[in-house]
Structures are given as C-alpha cells and as structure tokens.
Amino acid sequence: MKQIPGSYFAPCARAGRVESLSYGEKHVLVYLPEGGAGHILYLIHGGGGDQRSFFRDDFLHMIDHMTADALMEPMYIVSPCFYDPGETDKTPASSGIAVKKFCAELRDRVIPLAEDRIGTRFRREDRAISGFSMGGVTTWYAFLQAPDLFSRFLPLSGDCWVCGEKGGGKFPEETAAKLAEAAEKQSAPDYRIHAITGSRDIAFPNLDAQIRAMRAYPDLFGEQLRYDVLEGGVHDYETIFRYLYNALPGLFSL
Ligand code: FER
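Because the structure is a prediction, the values reported are computed rather than measured.

Colleague: Even after reading the chapter, I still don't get the site of the ligand, so can you show me in this structure?
Modeller: Surrounding the ligand, one finds G47, P92, S133, M134, D159, W161, K166, I202, A203 and N206. The separation between an oxygen atom of the ligand and a polar side-chain atom of D159 is 2.6 Å. Protein contact buries 83% of the 370 Å² of open area that the ligand shows by itself. Looking at the shell around the ligand residue by residue, the class counts come to five nonpolar, three polar and two charged.

Structure (structure tokens):
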C-alpha cells in the first residue's frame, strides 16, 4: 500500500469547496470539487466523531491534490453525523444503535439534501459509501439496508454488527449468512465491496473473521469482495487516510 506523498498535506492550488447544509438540528458537510463530478461518496466518521472527523485540512488537501494530479476522478464527498442531536453517549453500544438506524436518515434526509444542492440525483452505480470503525459498521448496514442506493462499499476497520456488537468476530458465519442473503436479493449483481484494515488495528480480529466467513460464498463474495490488510496498520484516522489514498482511485472501476 502506497504512502501518501508529504506534499499532499499542504494546500493545493486547485481546491474544492466545503459547504455546510442543514436539516432540522443537524447538518452535513459537502466537498464540491472544482468543475463538478460524476460520482459521489458518503463518508462516515467513527465512534465519538462527527462531520469534521474526516474533513480536516490535511484530508481535504489530500483529496484536492489527488484530484488535481488526476490520480482519481473528481468526486463529491458528503460527511454527515450519525449521532442524534445532543447525544452524549458515544460508547460502542450507543453508537451501534445509532448506526443501525442511520441508513434511513441517509435515504430520507441526507441524500436528498446533498444531491438537490448539487443538482443531480446520482444513480446507485455512481454512489459509494465508506466509513471508519463505526462508520465501517454503517457501511455494512448500507449493504443490508440500502442496496438500491449504493453499489460501492468501502468499509474501513469496521465489521458488520447485524448479529450483535463486534458480530463479525463473535458470529462470523451468522454474519456472513446475513450478508449473503442480502447479496442474493440484490437486483443487480454489480455491487463491489472493498474492505481494508491493518494487522494491528483493534477491529482486525472482527473484520478478518467476517471476511474469511464471507469467502464461503464465492459466487457472491469472490471477485465482488476485495480485502486488504496493511501490515502494522492501527485504528486511527491517519492510517485510514492512507487506505483512502490507495482505494479511492479505483472505487468506481472495481
Ligand atoms: C470493531 C468495530 C468498531 C471494533 C470496534 C469498533 C474492537 C468501534 C469502537 C468504538 O467506537 O469505540 O470491530 O473492534
């Protein structure tokens, strides 16, 4: 896995803009690349985080440089927050409840808000979802709950909790069976999943066990499922930025 060039963390001459869009008491941040884009990515923060967790200057500079250097196609990036307004309990148990219901909010509020602002309703083929840790858990829920909205899934250091907290590790076969059942029901067999974690990541045992169980369904999770493990990778945003640096260029050509 390639390292991010150090120069990518400094401002770029050709930069996108970030706008904040409100709905009720909440808001989403939207990254708008110069000149627009044909694809859109919904990017979900981890436990205890919010809309700003990914949208730090260093991350946005990296995206600007990748786009300016044509390493990746321009992409809209939407960063919502899965916690209810005023939520103070950010434990995994509470976060797990929040992300289980968050796909409904993506569908009903976040996607219409962001895509009305952009002026395009994207097709599922052109829409991706990714997230770190609890955002990865959210990404797996999207595979189960919103296959009509997304075709590209990029869970980063987070497993699927449909069978319970850290269920990818505790109940790998049951979790894989639920995912296979959802995959079989997909109207179009064109979904792609790219899961990434690190060998020293706290979520590694959970995601790794789940992926191995998913390989028992080669027709559903063969070439459709790519899995990368960074030797020594840990559970933090800096490491996740490196995963995105490597994965975003191929996200829609997977
Ligand atoms: C995991 C997925 C998510 C995991 C931890 C988390 C330890 C999140 C933890 C948190 O938000 O504190 O597989 O494994």
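Colleague: Looking at this structure, how should I read the pattern of salt bridges?
Modeller: Two side chains with opposite charge may pair up if their charged atoms get near one another. The full count for this structure, using the stated rule, is 17 salt bridges. Residues D208 and R212 are paired through a salt bridge, measuring 2.8 Å at the closest nitrogen-oxygen approach. Here D208 pairs with R212, and both are found in helix α6 (residues 204-214), just four residues apart, close to one helical turn. Classification of R212 by relative accessible area gives exposed; the value is 58%. Members of the salt-bridge network, linked through shared partners, are R17, E19 and R117.

Colleague: What is the right way to look at the packing of helix α1 (residues 57-68) against helix α7 (residues 237-247) in this model?
Modeller: Axis angle and axis distance: for two packed helices, these are the angle between their axes and the distance between the axes, and together they describe the pair. Where α1 contacts α7, the axes come no closer than 11 Å and their chain directions differ by 15 degrees. With respect to α7, the element α1 is oriented roughly parallel. The chirality of how α1 crosses α7 is right-handed. For the pair formed by α1 and α7, the contact residues are D58, F59, M62 and M66 on the first element and F241, L244 and Y245 on the second.

Colleague: Honestly, the pairing of strand β2 (residues 26-32) in this entry has me stumped. Any pointers?
Modeller: Consecutive residues of a regular strand have side chains that alternate between opposite faces of the sheet. The buried count for β2 comes to six of seven residues, which makes it a mostly enclosed element. Bridging between strand β1 (residues 17-23) and β2 involves seven bridges; their strand directions are antiparallel. If you follow S20 over to β2, its bridge partner there is L29. Where β1 hands over to β2, the hairpin turn is made up of two residues, of which G24 adopts a positive phi near 55 degrees. Judged from the three bridges that link them, β2 and strand β4 (residues 75-79) form a sheet pairing that is antiparallel. Note that in β4 the partner of V30 across the bridge is V78.

The rules behind these values
- Residues numbered from 1 in each chain as written.
- Predicted model: local features only at pLDDT ≥ 70, side-chain atom pairs only at ≥ 80, totals over all residues.
- Heavy atoms only, no water.
- Near = heavy atom within 4 Å.
- Polar contact = N/O pair within 3.5 Å; in protein donor to acceptor, adjacent residues only side chain to side chain.
- Areas by Shrake-Rupley, 256 points an atom, 1.4 Å probe, with all protein chains shown as cover.
- Nonpolar A, V, L, I, M, F, W, Y, C, P; charged D, E, K, R; others polar.
- Salt bridge = Lys/Arg side-chain N within 4 Å of Asp/Glu carboxyl O.
- Helix = DSSP H or I, 4+ residues; strand = E, 2+ residues; numbered from the N terminus.
- Buried < 20%, exposed > 50% of the residue type's maximum accessible area, 1.4 Å probe, protein only.
- Axes fitted to C-alpha atoms, helices over the stretch in contact; angles between N-to-C directions.
- Parallel < 35°, antiparallel > 145°, perpendicular 65-115°, else oblique.
- Left-handed = near helix turned anticlockwise from the far one by under 90°.
- Contact = heavy atoms within 4.5 Å.
- Pairing = 2+ DSSP bridges.

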